[in-house]
Structures are given as structure tokens and as C-alpha cells.
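# Overview (structure and organization)
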Amino acid sequence: MTNSLWGRLDDPAGNAGHTDHPPRMGFFTDTSVCIGCKACEVACKEWNEVPEDGYLLTGMSYDNTQQLGASTWRHVAFVEKPAETVETVDLGMPEVGLPGASGDAGVKWLMSSDVCKHCTHAACLDVCPTGALFRTEFGTVVVQPDVCNGCGYCVPACPYGVIDIRPEDGRAFKCTLCYDRLKEGQKPACAQACPTESIQFGEVDELRERAAARVEELHARGVDVARLYGADPEDGVGGDGAFFLLLDEPEVYGLPPDPVVTTRDLGSIWKHVGGAAAAIVGLGVASFMGRRR
């Protein structure tokens, strides 16, 4: 599977120059079995020594972190919905759509642990002027804090709003998919800590097959709202290295419905810039020669 601009859609590590590299690794997050325990958030902070980002009393259930950021590499969302609009899944454990914090049986939650998507086409990589962002041999995208100059170009480039600048530090940070653990053959800390296997780690190709089978299983059990998000290699970012099974529209979880790599037109833009520059130079030369005559 190839693309004339981006190379092989299924081999981001190879496109980045890695030869004889391991399989692409990533996450499949099955939100239908997320119980909102936040073990992933805690494990991520502990292993990566991510600073605390405060405990905000937002009035939004237990969603105190609200969104991903430089000091929140895993974010467990609690989406409150009217009970009658949430399909539940009987898995012999607390059901998806737990009673709301108020104890009102008319309110239920959708829960999802969000993370950096490690895009096949990563705009943050394209715009980084220092090489602080790089593609690993596992196909993941990592920030090198010691190389980051804090320019912030990567922040608006991300179609998911994941990467951010840490104000007190001035540099960009995000999930590394525990690159240090991957090099030692270990699972990322969040997947290791997840008690329900909502966060599944492995080879991306195998995870996509597993995710498709899970959707078929849920559809067969009458959960028609189940759908995959970020698993399609033909989408606007070439497919994500971290994708999700959702039980509602992406917007309900705070995800863009149709993400597109923000640097997709760079090639044509530079071609037009080059043409325009050549035309200006040509006009200047013609004008100069005309004056000499």
C-alpha cells in the first residue's frame, strides 16, 4: 500500500529511514470495557515522571484532567449521557454506562482513555525545525526534550490537539508510547496497568484485525453503535498507531470526526512557491536587461 507523497502507508518506520525494523507497535483502546479507574493515568505519570497537573474540581463527574496536554499523556474521559441513549454491554463486570456521580439513575457515562495517536502521517514531525520530534523504529513518534527549543510549531500542527508546551518548562511534551520500555521488550506502563484490557498493546496490523473482530462481536450482540476510530489506513492521517472502539460519535468523546494531517499540501505549496520565486526572478532579470538597453 503506497502513497506518492508519503511513501508506504503501512510502514512509517521504513519511510523514516529505518531498515530491518521491528513491526509497527501501537494501542487499541476498547472503550466498551473501560471502567474509568484511571490506573492508566497514574501508571503513565509514575513511569514517565510526568508532573502532576492539579486536581481540578470541574463539576464534570470525575474528569478532573479534562484533556490531553504536556502534563497529561493519558486522559480518561467521563462523558455524561442520558441513560436511555447509552447502550450497555454485559461483560460480567460494571457495565458501560455506569450511574452518574450524583447517583441519578437517569444519567450514565461513556468512558474512554485517550492518548497521542502516533499518526502514520505526523504533521508535528513535518513542522519541527530542530529534529526534536522523530519517528522510532517501532513507527511511533517521540519528542526529545533536550533538542526541543520550545518554538511551539508542533502544537497547531496536530489535528488532535495532543501535543502541548509545558508553561513552566517551555518545551513540548506528549506520550512516547513508553519508548524506553519498548526497547526492552516491555509493554507501555498504561497497558500494563489496565485491569480490564481496555488498553491493548501490540503489533498494529494484528490489533486492527482484533478490533474489527470485536466490532463484529458487539454488532452480533445488538450493540449497533460500536465503531472503530483511527484504524483506517485510508483516512486523513493514514491511520493511527493508537485507535479506538467507540460507542458513540467521535465528537461525543472530544475527537475530531474527520482528522486530516495539516501538512498534507506542503509538497504542492512548496512547488507553487518555487514557481512563483522563479517567475519573480525572471521578471527582475527581464526588467534589468530592459533598463540596460
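Coordinates for the structure precede this section.
Below is a short write-up of the structure. (Residues numbered from 1 in each chain as written. Predicted model: local features only at pLDDT ≥ 70, side-chain atom pairs only at ≥ 80, totals over all residues. Heavy atoms only, no water.)

With that settled, the discussion passes to the layout of surface pockets. Using a probe with the size of a water molecule, rolled over the atoms, empty space left in the structure can be pinpointed. Estimated volume of the largest pocket: approximately 490 Å³. Broken down by secondary-structure element, the contributors of at least two residues to the lining of the largest pocket are β4 (75-82) and β8 (164-165). A per-class count over the lining of the largest pocket returns 12 nonpolar, 11 polar and seven charged. (1 Å grid on protein atoms, 1.4 Å probe; cavity = no way out; pocket = protein on both sides within 12 Å on 5 of 7 lines; lining within 4 Å. Points joined across faces, edges and corners; volume = space filled by probe spheres on them. Helix = DSSP H or I, 4+ residues; strand = E, 2+ residues; numbered from the N terminus. Nonpolar A, V, L, I, M, F, W, Y, C, P; charged D, E, K, R; others polar.)

Secondary-structure assignment places Gly69 in the loop between α2 (39-48) and β4. Gly69 sits in the buried class, given a relative accessible area of 11%. Among residues more than four places away in sequence, those in contact with Gly69 are Val162, Asp164 and Phe173. (Buried < 20%, exposed > 50% of the residue type's maximum accessible area, 1.4 Å probe, protein only. Contact = heavy atoms within 4.5 Å.)

Next up on the list: α2. Along α2, the residues that are buried comprise Cys40, Glu41, Ala43 and Cys44. Of the residues flanking the end of α2, it is Glu49, one or two places downstream, whose phi is positive at about 55°.

A complete count under the given rule lists 10 salt bridges for this structure. Across the pair Lys81 and Asp248 runs a salt bridge whose closest N-O atoms are separated by 3.1 Å. Pair noted here: Lys81 is in strand β4 and Asp248 is in the loop between β12 (242-246) and α8 (266-292), with a separation of 167 residues, a long-range link. Assigned by exposure class, Lys81 and Asp248 land together as buried. Measuring nitrogen to oxygen at the nearest pair gives 3.9 Å for the salt bridge that ties Asp205 to Arg208. Here Asp205 and its partner Arg208 are both found in helix α7 (residues 204-220), three residues apart, which amounts to about one turn of the helix. Residues joined in a network through salt bridges with shared partners are Asp30, Arg214, Glu217 and Arg221. (Salt bridge = Lys/Arg side-chain N within 4 Å of Asp/Glu carboxyl O.)

Okay, the side chain of Asp248 next. Classification of Asp248 by relative accessible area gives buried; the value is 14%. A polar side-chain atom of Asp248 sits 3.1 Å from a polar atom in the side chain of Lys81. Contact partners of Asp248, with chain neighbours within four places excluded, come to Lys81, Leu110, Val225, Arg227 and Tyr253. (Polar contact = N/O pair within 3.5 Å; in protein donor to acceptor, adjacent residues only side chain to side chain.)

Let us look at the nonpolar core. Among the nonpolar cores identified, the biggest contains 67 residues, and Phe27 and Leu133 are the most heavily contacted of them. Residues within four places of Leu133 in sequence aside, it is in contact with Cys124, Leu125, Cys128, Val141, Val142, Val143, Cys154, Ile163 and Lys174. (Core = buried A, V, L, I, M, F, W, Y, C linked by side-chain atoms within 4.5 Å.)

Further remarks concern α7. Given a rise of 1.5 Å per residue, 17 residues ought to cover 24 Å, and the 24 Å separating the end C-alpha atoms of α7 matches this to within 8%. Residues of α7 that are buried include every one of Val204, Leu207, Arg208, Ala211, Arg214, Val215 and Leu218, and no others. Taken down its axis, α7 places every buried residue within 125° of arc, on the same side. Of the exposed residues in α7, those oriented more than 90 degrees away from the buried face are Asp205, Glu209, Glu216 and Ala220. Of the residues trailing α7, Gly222 is marked for its positive phi of about 90°. (Expected span 1.5 Å × (residues − 1). Arc of directions from axis to C-beta.)

This model, assessed by the stated rule, comprises zero disulfides. Not part of a disulfide, Cys116 finds its nearest cysteine sulfur in Cys175, a span of 5.6 Å. The thiol of Cys190 is unpaired, and the distance to the nearest cysteine sulfur, on Cys178, comes to 6.2 Å. Residue Cys190 is classed as buried on the basis of its relative accessible area of 6%. (Disulfide = S-S within 2.5 Å.)

A word on the packing of aromatic side chains. Taken as a whole, this structure holds five aromatic pairs when the rule is applied. Note on Phe78 and Trp109: the rings are 5.4 Å apart at their centroids and 90° apart in plane angle, and the pair reads as edge-to-face. Pair noted here: Phe78 is in strand β4 and Trp109 is in strand β5 (residues 107-114), with a separation of 31 residues, a long-range link. Trp109 matches Phe78 in its accessibility class, with the two residues each being buried. Ring centres of Phe134 and Tyr179 lie 6.0 Å apart, and the angle between their planes is 70°; on these two criteria the pair is classed as edge-to-face. Taken together, the residues span a long stretch of sequence, with Phe134 in strand β6 (residues 133-135) and Tyr179 in helix α5 (residues 179-182) at a distance of 45 residues. In textbook terms, an aromatic cluster arises when at least three aromatic residues are bridged by ring pairs, as seen for Phe134, Phe138 and Tyr179. Note that Arg181 overlies the ring of Trp47, its terminal NZ or CZ placed 4.5 Å from the centroid. Over the ring of Tyr179 we find Lys183; its NZ or CZ atom is 4.5 Å from the centre of that ring. (Phe/Tyr/Trp six-rings, centres within 6.5 Å; stacked < 30°, edge-to-face > 60°. Lys NZ or Arg CZ within 6 Å of the ring centre and 35° of its normal.)

Keep in mind these values describe shape, not function.
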